[in-house]
Amino acid sequence: MGVKELAMLSNGVVFPNPKHYKAHLAKLKRLSRILTRKVKGSSNRFKAKQRLAKHHAKIANLRKNTLHQITTYLCKNHATIVVEDLNVGGMLKNHKLAQVIADCGFHEFKCQLEYKAKKFGCEVMVADRWFPSSKTCSNCGHIQDMPLKERVYNCESCGHSMDRDLNAAINLSRLAFTVKAD
Ligand SMILES: [Zn+2]
């Protein structure tokens with residue numbers, strides 16, 4: 001997942017990362033800064049603490065609502081959903097991606113998907129984390145290295161050029177058919 005998108009579907013549909021996040025995160029920083037300046041044990045510190053907690057809860061709610069919209073849409077409109085088992089630990093080491101992954105709450109996403117899949121009668125598959133979804137060319141099957149900074153897949157073998165996440169999403173969607181055919 002790129003910084004701007006929360007999810008990319010194999011048909012090219014993108015769920016963007018909500019724009020309001022940035023403003024909310026800025027406010028979060030501001031409120032924490034205010035808190036550190038208040039005298040310990042003072043009522044002003046208590047109030048600042050409450051304001052910060054309230055804002056934290058607000059962000060958590062917004063995040064949950066965004067995920068609910070996505071997971072409901074996915075389960076209502078698809079018979080099989082393949083998601084990638086993101087190596088969150090590895091991604092957290094990449095500074096730019098850390099905030100996004102933390103924001104998106106991949107675990108929450110998967111939990112919501114699983115219970116809604118039961119409700120709507122669809123199937124959720126989690127691709128093995130070693131499945132080379134990003135490294136494989138969705139056109140010819142060639143496999144090449146794809147450092148995280150490369151946002152476009154340019155196939156060294158067939159010349160196919162495609163958005164990195166879309167290419168990966170297509171590979172994942174095919175996985176559903178491969179497994180089913182076995
Ligand atoms: Zn290719």
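Quantities reported herein were computed from a predicted structural model and do not represent experimental measurements. Numbers given to residues run from 1 along each chain, matching the order in which its sequence is written. At least 70 in pLDDT is required for a residue's local features to be given in this predicted model, at least 80 for side-chain atom pairs to be given and counted, and no such filter applies to totals for whole chains, interfaces and linings, which use all residues. Heavy atoms throughout the structure, all of them, feed into the side-chain values; hydrogens and water do not.

## What to know about the nonpolar core
Right, on to step 1. Leu74, Cys75, Ile81, Phe109 and Leu113 are the most contacted members of the largest nonpolar core, which totals 14 residues.
Right, on to step 2. Those elements giving two or more residues to this core turn out to be helix H2 (43-77), strand E3 (80-84) and helix H5 (106-120).
Right, on to step 3. Those residues in contact with leucine 113 that lie beyond four places of it in its chain are Thr71, Leu74, Cys75, Ile81, Val83 and Val124.
Right, on to step 4. Grouped together as the second largest cluster of nonpolar side chains are seven residues, Leu35, Ala48, Leu52 and Ile59 included. What makes a nonpolar core is a set of buried Ala, Val, Leu, Ile, Met, Phe, Trp, Tyr and Cys residues whose side-chain atoms join them at distances within 4.5 Å. The classification of residues rests on relative accessible area computed with a 1.4 Å probe and restricted to protein chains. Under 20% of the type maximum is buried, over 50% is exposed, and intermediate values are partly exposed. Under the DSSP-based scheme used, a helix requires at least four consecutive residues in state H or I and a strand at least two consecutive residues in state E, with every element numbered from the N terminus. Any two residues whose heavy atoms approach within 4.5 Å at even a single point are treated as in contact.

## Re the confidence of the model for the protein chain
Fine structural detail should not be taken from predicted coordinates in areas where pLDDT scores are low.
Right, on to step 1. What pLDDT reports is the predictor's confidence in each residue, on a scale of 0 through 100. With 82% of its residues at a pLDDT of at least 70, the protein chain reaches an overall mean of 82.
Right, on to step 2. Ranking the elements of the protein chain by mean pLDDT puts helix H3 (residues 88-93) last with 48 and strand E5 (residues 152-154) first with 96.
Right, on to step 3. Low pLDDT, under 50, characterises residues 94-101; the predicted model gives this stretch 17 contacts beyond four residues in sequence or across chains.

## Structural notes on the coordination of the zinc ion
Right, on to step 1. For Na, K and Ca the donor cut-off is 3.2 Å, and for all other metals it is 2.8 Å, counting N, O and S atoms only; because water is absent from this set, sites may look incomplete. Here the zinc ion is held by Cys137 (SG), Cys140 (SG), Cys155 (SG) and Cys158 (SG), and the distances to it run 2.3 Å.
Right, on to step 2. For the zinc ion, the four donor atoms are set out with angles of 107 to 112° between them, so the coordination reads as tetrahedral.
Right, on to step 3. Donor residues for the zinc ion, ordered by position in the chain, follow C-x2-C-x14-C-x2-C. Pair noted here: cysteine 140 is in the loop between strand E4 (123-127) and E5 and cysteine 155 is in the loop between E5 and strand E6 (161-163), with a separation of 15 residues, a long-range link.
Right, on to step 4. Judged by its relative accessible area of 40%, cysteine 140 is partly exposed.
Right, on to step 5. Under the relative-accessibility criterion, cysteine 155 is labelled buried at 6%. In short, tetrahedral needs four donors with all angles between 85 and 135 degrees, square planar needs four and octahedral six donors with opposite donors over 155 degrees apart and all other angles between 65 and 115, and whatever is left is irregular.

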